[in-house]
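So you can see what is in the structure, the chains are spelled out below.
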Amino acid sequence: MAPGNLWHMRNNFLFGSRCWMTRFSAENIFKSVSFRLFGVKCHNTDSEPLKNEDLLKNLLTMGVDIDMARKRQPGVFHRMITNEQDLKMFLLSKGASKEVIASIISRYPRAITRTPENLSKRWDLWRKIVTSDLEIVNILERSPESFFRSNNNLNLENNIKFLYSVGLTRKCLCRLLTNAPRTFSNSLDLNKQMVEFLQAAGLSLGHNDPADFVRKIIFKNPFILIQSTKRVKANIEFLRSTFNLNSEELLVLICGPGAEILDLSNDYARRSYANIKEKLFSLGCTEEEVQKFVLSYPDVIFLAEKKFNDKIDCLMEENISISQIIENPRVLDSSISTLKSRIKELVNAGCNLSTLNITLLSWSKKRYEAKLKKLSRFA
């Protein structure tokens, strides 16, 4: 590289970053922060990009899956400043193992861009919801994005205060944090809009405690706050009009098993129900039976059209009647391969499927095997 080019790069870097340099002492820069140039091409076209050897060495030493990390968030490897060592020490101090830390960085490499101050503040805010450090570590192990996706701690703090203020319990907030962490990345205004909408919807349906209504909906469906009010409103109207429900019936449904439908795409919900209706009509079911079937198990609307049809066909090919399926809709929870293998085992055990309570086809493996063992004794 020509001397003039070197001076040009150094000049731009050192003197064009004075605002950044004033925020850190020299000790912090060289002690706790990996400071490097990466992927910066020199003006000489024959030169290769400078390689981020320190970062790669650190991550490999920590056991990080470099290929996975690069595929997920390649931009991290172009950063001049990363904090992988600080992150490692912080998580170790909270009880995380080296293996867990490596897994977290492999799946969400942006975690190494968070400063120790940001990590500490965010951890303290999470502890207002989660009861122990170990529990937070377990959440991070399952879903690192939930903690590292945002670095806006003020927004997180404001959302926590607001959600507590509308009557949500610590248990409910923990459920949100575990299942729908994007709730806390939402702007405060978005969360307020949804809560106000739900309160108004509860009152319009005759619920005399709006705060209790919101708690029930959010506890049943933790994803509700990351949806639009337009979508939720459309789904409430879909349930009301499709099943001819009065306010009291609709209230019971959406405070219970129907709550999860509220965050579905309205088009998907309508198409799914139309397919269920068409399939069951073709098998001789009445409108009343179709509605009873769906209302007793609203989760059936989540099944893709082909999957629903294939499961119905699979069961009927084994001499299980449609009336048995309607009376025991949870049987559709099981995969087709599980249904086939269990049906074969039950037939071999001498069971008459046409008179059998088929709910056992959807039981847990342990419970099912215990029942199968008992049935085999009497075969």
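What counts and what doesn't
Each chain carries its own residue numbering, running from 1 in the written order of its sequence. Where local features are concerned, this predicted model is filtered to residues with pLDDT of at least 70; where side-chain atom pairs are given and counted, the filter is 80 or more; whole-chain, interface and lining totals use all residues. As a rule here, side-chain values cover all heavy atoms of the structure and leave hydrogens and water aside. Helix and strand assignments come from DSSP, with helices taken as H or I runs of at least 4 residues and strands as E runs of at least 2, each series counted from the N terminus. For every residue, the accessible area (1.4 Å probe, protein chains only) is compared with the maximum for its type, and the residue is labelled buried under 20%, exposed over 50%, or partly exposed between those bounds. A contact between two residues is defined here by any heavy atoms of the two lying within 4.5 Å. For the accessible areas, the method is Shrake-Rupley and the probe is 1.4 Å, while residue cover comes only from the protein chains on display. For every residue, the pLDDT score states the predictor's confidence, bounded by 0 at the bottom and 100 at the top. The patch calculation keeps residues exceeding 30% relative accessible area without a salt bridge and links them within 9 Å when they carry like charges or within 5 Å when they are nonpolar (Val, Leu, Ile, Met, Phe, Trp, Tyr). Counted as salt bridges are all cases of a side-chain nitrogen of Lys or Arg within 4 Å of a carboxyl oxygen of Asp or Glu. Just so you know, the count uses Lys and Arg for positive and Asp and Glu for negative, and it drops His and the chain ends. To locate a charge, take NZ of a lysine, CZ of an arginine, CG of an aspartate or CD of a glutamate. Whenever a helix is involved, its axis is fitted only over the stretch in contact; in every case the axis is a line through C-alpha atoms, and angles between N-to-C directions fall within 0 to 180 degrees. Note that the term roughly parallel is reserved for angles under 35 degrees, roughly antiparallel for angles over 145, roughly perpendicular for angles of 65 to 115, and oblique for everything else. Each crossing is labelled by how the near helix is turned from the far one, with a counterclockwise turn of less than a right angle marking it left-handed and a clockwise turn marking it right-handed. Residues are grouped as follows: Ala, Val, Leu, Ile, Met, Phe, Trp, Tyr, Cys and Pro are nonpolar; Asp, Glu, Lys and Arg are charged; all remaining types, including Gly, are polar. N or O atoms within 3.5 Å of each other form a polar contact, as long as, within protein, one can give a hydrogen and the other can take it, and as long as residues adjacent in sequence are counted only when both atoms are side-chain atoms.

**Structural notes on the overall build of the protein chain**
Here is step 1: On a plain count of helices and strands, the protein chain comes out with 22 helices and 2 strands.
Here is step 2: A total of 379 residues make up the protein chain; the buried ones form 42% of that total.
Here is step 3: Within the protein chain, residue pairs in contact and separated by at least 24 positions form 69% of the contacts whose partners lie at least 6 positions apart.
Here is step 4: Of the accessible surface of the protein chain, which amounts to about 20,400 Å², a share of 51% is contributed by carbon and sulfur atoms.

**Topic: the confidence of the model for the protein chain**
A low pLDDT means the predicted coordinates there should not be read in detail.
Here is step 1: Confidence in the prediction for the protein chain averages 86 pLDDT; 86% of positions are at 70 or higher.
Here is step 2: Segment residues 1-50 is flagged for pLDDT under 50; beyond a separation of four residues in sequence, or across chains, it makes 56 contacts in the model.

**Considering helix α7 (residues 98-107)**
Here is step 1: Looking only at α7, the buried set comprises Val-100, Ile-101, Ala-102, Ile-104, Ile-105 and Ser-106.
Here is step 2: On its buried side, α7 packs onto α4 (53-62), α5 (66-72), α6 (84-93), α9 (133-142) and α10 (145-148).

**Quick word on a positive patch on the surface**
Here is step 1: A grouping of Lys-371, Lys-373, Lys-374 and Arg-377 is seen on the molecular surface, where their side chains present a positively charged patch.
Here is step 2: In this fold, Lys-374 is placed in helix α22 (residues 365-377).

**Considerations on the environment of Asn-152**
Here is step 1: If you trace the backbone, Asn-152 turns up in the loop between α10 and α11 (153-165).
Here is step 2: Expressed as a C-alpha distance, the spacing of Asn-152 and Asn-118, which sit 34 residues apart in the sequence, is 8.7 Å.

**A look at the packing of helix α15 (residues 229-242) against helix α16 (residues 247-254)**
Here is step 1: Where α15 contacts α16, the axes come no closer than 10 Å and their chain directions differ by 125°. If you check the angle between α15 and α16, you find them oblique. α15 and α16 meet at a crossing whose hand is right-handed. For the pair α15 and α16, the contacting residues are Ile-236, Leu-239 and Arg-240 in the first and Ser-247, Leu-250, Leu-253 and Ile-254 in the second.
Here is step 2: Per-class residue counts for the contact of α15 with α16 are 5 nonpolar, 1 polar and 1 charged.

**Quick look at the side chain of Arg-122**
Here is step 1: Tracing the backbone shows Arg-122 in helix α8 (residues 116-126).
Here is step 2: Among buried Asp, Glu, Lys and Arg side chains, Arg-122 stands out as unpaired, with Glu-157 the closest opposite charge at 9.8 Å.
Here is step 3: Separated by 3.4 Å, the side chain of Arg-122 and the backbone oxygen of Ser-150 make a polar contact.
Here is step 4: The contacts of Arg-122, once residues within four sequence positions are left out, are Phe-147, Ser-150, Asn-151, Asn-152, Asn-153 and Leu-156.

**Quick notes on the side chain of Glu-157**
Here is step 1: With respect to the helices, strands and loops of the structure, Glu-157 is situated in helix α11.
Here is step 2: Residues in contact with Glu-157, not counting those within four places in the same chain, are Lys-121, Leu-125 and Lys-128.

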